[in-house]
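Letter by letter, the chains look like this.
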Amino acid sequence: MIPYSRQQITSDDITAVTEALKGDFLTGGARVDEFETALQNYTGIKHVIVMNSATSALHVGYLALGLKAGDEVITTPITFAATANASLMCGANVKFCDVKFDGNIDEKKLSELISPKTKVITPVDFGGNGVEIEEIIKIAKKHGIKVLDDASHALGSQINGVKIGNHADATVFSFHAIKPITTFEGGALATNDDEIARLARLYRSHGISKKRLWDSDMSHLGYNYRLSDVACALGTSQLKRLDEMIEVREKIAKFYDEKFEKNPYFSTIKIAENKKSARHLYPILLFSNFWCAKEDIFEELHRRGIGVQVHYKPTYQFSFYKQIYGEMALKVAEDFYRAELSLPCHQSMSMQDARFVATNLLEVLAKFDTSKECGV
Ligand SMILES: *Cc1c(COP(=O)(O)O)cnc(C)c1O
């Protein structure tokens with residue numbers, strides 16, 4: 001099976017991890033600072049605070065931005081559950097904003113959702129394709145709201161030549177196994193703001209800061225969200241290859257773009273001229289006459305060894321969210337969920353693999369092609 005995404009582990013990665021295992025500090029050592037500095041240098045962001053997952057980084061991000069019980073967060077439903085979950089962990093409420101047909105939050109629909117309780121807007125750079133962050137920040141500033149960008153897909157992505165993470169008040173990256181780089185599990189909060197960074201470091205480690213000798217103070221209710229030196233060693237080694245890995249994914253994506261141009265079955269998502277995507281996902285959007293057959297198409301592709309996946313079931317459709325907010329349906333998010341399939345696109349694939357995916361996909365869709373519309 002060619003999975004939709006996969007890690008790439010080289011002998012350099014293995015050496016880096018092995019060396020870290022032989023070190024004096026398995027956690028809390030110099031390799032953590034090294035990884036954070038490397039991420040700061042790569043992204044150009046002043047502070048990067050690494051944590052044991054992007055979910056932890058989201059939680060800490062919300063806390064550091066001052067999110068409290070009763071506050072409201074506006075986010076997209078087309079994301080992994082953690083984006084909204086982490087705001088609930090702070091006791092806040094979630095308002096879901098509809099998306100555009102590229103899977104990114106619709107900035108034009110934000111204003112109508114803003115209330116006096118809104119504290120944070122959390123967009124997600126879907127698949128690595130940057131949201132309209134400047135527009136979102138402008139709206140947020142007007143209302144005194146903070147922006148926490150969930151860039152779990154987007155380490156290495158750019159807007160107008162500037163790396164994602166430099167725009168929002170704070171930005172989250174994920175180093176889960178199949179994200180742009182990996183530390184097994186892991187994530188980071190990035191910010192150019194000194195105070196947000198200070199708070200994030202506190203929340204990451206119990207809210208405790210050292211005073212002198214053995215004395216310390218616990219000033220905030222914090223967590224243990226630290227990332228180990230062994231994981232950071234892998235991260236530093238992976239980061240050295242990030243641009244190379246993005247280039248491989250870009251080459252596969254370009255091949256798909258050309259191969260699928262004007263095909264009669266689905267559309268693709270074009271990356272705007274002024275943007276560069278880390279290409280964590282290569283999403284296709286099936287035309288509506290295929291929506292009823294999507295399960296069969298999915299199964300047939302898996303039978304042929306093509307590990308497509310669907311990103312994402314809208315968060316508000318989960319039973320947990322229905323219990324809190326009841327039934328809801330946002331028009332574009334619903335259609336996007338019905339239409340979307342993520343094709344294999346990762347650095348461990350060959351161009352031959354990409355051709356195999358493209359040929360089989362077109363073959364399978366030809367088989368399922370019917371002019372019958374779904375009764376949706
Ligand atoms: C993967 C992902 C997360 C969670 O990342 P973890 O590192 O697994 O906690 C959050 N948001 C988005 C958009 C993701 O894709």
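Conventions adopted
- Residues numbered from 1 in each chain as written.
- Predicted model: local features only at pLDDT ≥ 70, side-chain atom pairs only at ≥ 80, totals over all residues.
- Heavy atoms only, no water.
- UniProt positions renumbered as here; feature names shortened; annotations may be inferred.
- Phe/Tyr/Trp six-rings, centres within 6.5 Å; stacked < 30°, edge-to-face > 60°.
- Helix = DSSP H or I, 4+ residues; strand = E, 2+ residues; numbered from the N terminus.
- Buried < 20%, exposed > 50% of the residue type's maximum accessible area, 1.4 Å probe, protein only.
- Lys NZ or Arg CZ within 6 Å of the ring centre and 35° of its normal.
- Near = heavy atom within 4 Å.
- Polar contact = N/O pair within 3.5 Å; in protein donor to acceptor, adjacent residues only side chain to side chain.
- Areas by Shrake-Rupley, 256 points an atom, 1.4 Å probe, with all protein chains shown as cover.
- Nonpolar A, V, L, I, M, F, W, Y, C, P; charged D, E, K, R; others polar.
- Pairing = 2+ DSSP bridges.
- Axes fitted to C-alpha atoms, helices over the stretch in contact; angles between N-to-C directions.
- Contact = heavy atoms within 4.5 Å.
- Salt bridge = Lys/Arg side-chain N within 4 Å of Asp/Glu carboxyl O.
- Patch = residues over 30% accessible without salt bridge, like charges linked within 9 Å, V, L, I, M, F, W, Y side chains within 5 Å.
- Core = buried A, V, L, I, M, F, W, Y, C linked by side-chain atoms within 4.5 Å.
- Domains from an automatic or database assignment.

Going by the annotation in an unreviewed UniProt entry, the name recorded for the protein is UDP-4-amino-4,6-dideoxy-N-acetyl-beta-L-altrosamine transaminase, with Campylobacter californiensis given as the source organism. Among the UniProt annotations of the protein, the heading Sequence similarities (unreviewed entry) holds the following wording: "Belongs to the DegT/DnrJ/EryC1 family."

Student: Which parts of the structure should I look at to understand the packing of aromatic side chains?
Tutor: Aromatic rings considered in pairs are described by the distance between their centres and by the relative angle of their planes. Evaluated as defined, the whole model comprises 14 aromatic pairs. Between Tyr265 and Phe290, the ring centres sit 5.7 Å apart and the planes meet at 90 degrees, which makes this aromatic pair edge-to-face. Pair noted here: Tyr265 is in the loop between α8 (242–259) and β13 (266–268) and Phe290 is in the loop between β15 (282–286) and α9 (294–303), with a separation of 25 residues, a long-range link. Comparing Tyr265 with Phe290 shows no difference in burial state: the two are buried. Members of the aromatic cluster, joined through ring pairs, are Phe96, Tyr316, Phe320, Tyr321 and Tyr325. Over the ring of Tyr42 we find Lys163, and its NZ or CZ is 4.1 Å from the ring centre.

Student: Explain the site of the ligand here, please?
Tutor: Taken together, 15 residues sit near the ligand, with Thr55, Asp150, His153, Ser174 and Lys179 positioned nearest. Thr55 places a side-chain nitrogen or oxygen 2.6 Å from an oxygen atom of the ligand. At 3.3 Å, a side-chain N or O of Tyr312 approaches an oxygen atom of the ligand. Look at the ligand: alone it shows 380 Å² of surface, and the protein chains cover 93% of it. In the shell around the ligand, the residues fall into four nonpolar, nine polar and two charged.

Student: I tried to follow the sheet that holds strand β5 (residues 118–122) on my own but got confused; where do I start?
Tutor: As a general point, the strands of a sheet are linked pairwise by backbone hydrogen bonds and lie either parallel or antiparallel. The strand order β2-β10-β9-β6-β5-β3-β4 describes an open sheet built from seven strands, whose pairing is mixed. One side of each edge strand has no neighbouring strand; the edge strands of this open sheet are β2 (47–51) and β4 (93–96). Here the average twist between neighbouring strands, direction ignored, is 25 degrees. As paired strands, strand β3 (residues 72–75) and β5 are joined by four bridges and run parallel to one another.

Student: Sorry if this is basic, but what is going on with the UniProt feature "active site" (unreviewed entry) in the protein here?
Tutor: The feature "active site" (unreviewed entry), as annotated in UniProt, sits at Lys179 in this numbering. Here Lys179 lies in the loop between β9 (170–174) and β10 (187–191). The contacts of Lys179, once residues within four sequence positions are left out, are Ser152, His153, Ser174 and His280.

Student: Would you mind showing me how to read the UniProt feature "modified residue: N6-(pyridoxal phosphate)lysine" (unreviewed entry) in the protein here?
Tutor: In the numbering adopted here, UniProt assigns the feature "modified residue: N6-(pyridoxal phosphate)lysine" (unreviewed entry) to Lys179. A residue is classified by how much of its surface remains accessible, and Lys179, at 17% relative accessible area, is buried.

Student: I keep staring at the pattern of salt bridges and nothing clicks. Help me out?
Tutor: Working definition: two side chains of opposite charge can pair if their charged atoms are close together. Scanning the entire structure with this criterion turns up 24 salt bridges. The salt bridge involving Asp194 is made with Lys46; its shortest N-O contact spans 2.8 Å. One end of the pair, Asp194, is in helix α6 (residues 194–204); the other, Lys46, is in the loop between α2 (30–43) and β2, with 148 residues separating them in the sequence. Here Asp194 falls in the partly exposed class, since its relative accessible area comes to 44%. Given the relative accessible area of 47%, Lys46 is considered partly exposed.

Student: I'm lost on a nonpolar patch on the surface in this one. Help?
Tutor: Among the surface-exposed residues, Ile208, Met218 and Leu221 lie close enough to one another that they form a single nonpolar patch of about 320 Å² accessible area. Within the secondary structure, Ile208 sits in strand β11 (residues 208–210). Residue classification places Ile208 among the partly exposed residues on the basis of a relative accessible area of 40%.

Student: I would appreciate a short explanation of helix α11 (residues 331–339) in the present structure.
Tutor: Quick reminder: α-helices carry 3.6 residues per turn. Residues three or four places apart thus point the same way. For α11, the complete set of buried residues consists of Val332, Ala333, Glu334, Asp335, Phe336 and Ala339. Residues of α11 that are buried in the fold lie against β15, α9 and β17 (340–343).

Student: What exactly am I supposed to notice about unusual backbone geometry here?
Tutor: In terms of backbone geometry, most residues other than glycine have negative phi values and most peptide bonds are trans. Looking along the chain, the bond that leaves His311 and enters Tyr312 is cis, with omega of 0 degrees. As for its position among the elements, Tyr312 is in the loop between β16 (306–307) and α10 (319–325). Positioned with a positive phi, Lys262 is a non-glycine residue whose angle comes to about 60 degrees. In this fold, Lys262 is placed in the loop between α8 and β13. The class of Lys262 is exposed, set by a relative accessible area of 79%.

Student: What exactly am I supposed to notice about the nonpolar core here?
Tutor: Taken as a class, soluble globular proteins show a tendency for nonpolar side chains to be buried jointly. Of all hydrophobic cores here, the largest spans 50 residues; its most connected members are Tyr256, Leu286, Ile297 and Leu343. Taken together, the elements giving at least two residues each to this core come down to α4 (82–88), β4, α8, β15, α9, α11, β17 and α12 (351–368). A domain-level breakdown of this core finds at least three residues from each of domain 1 (2–239) and domain 2 (242–368). What Tyr256 contacts, discounting residues up to four positions off in sequence, is Tyr282, Leu343, Pro344, Cys345, Met349, Ala354, Val357 and Ala358. By size, the runner-up hydrophobic cluster in this structure holds 41 residues, among which are Ile45, Leu110, Ile164 and Phe175.

Student: Just checking my understanding: could you explain the sheet that holds strand β14 (residues 275–276) for this structure?
Tutor: Strand order in the open sheet formed by three strands is β8-β7-β14, and the pairing between neighbours is antiparallel. If you trace the sheet from one side to the other, it starts and ends with β8 (162–163) and β14, each paired once.

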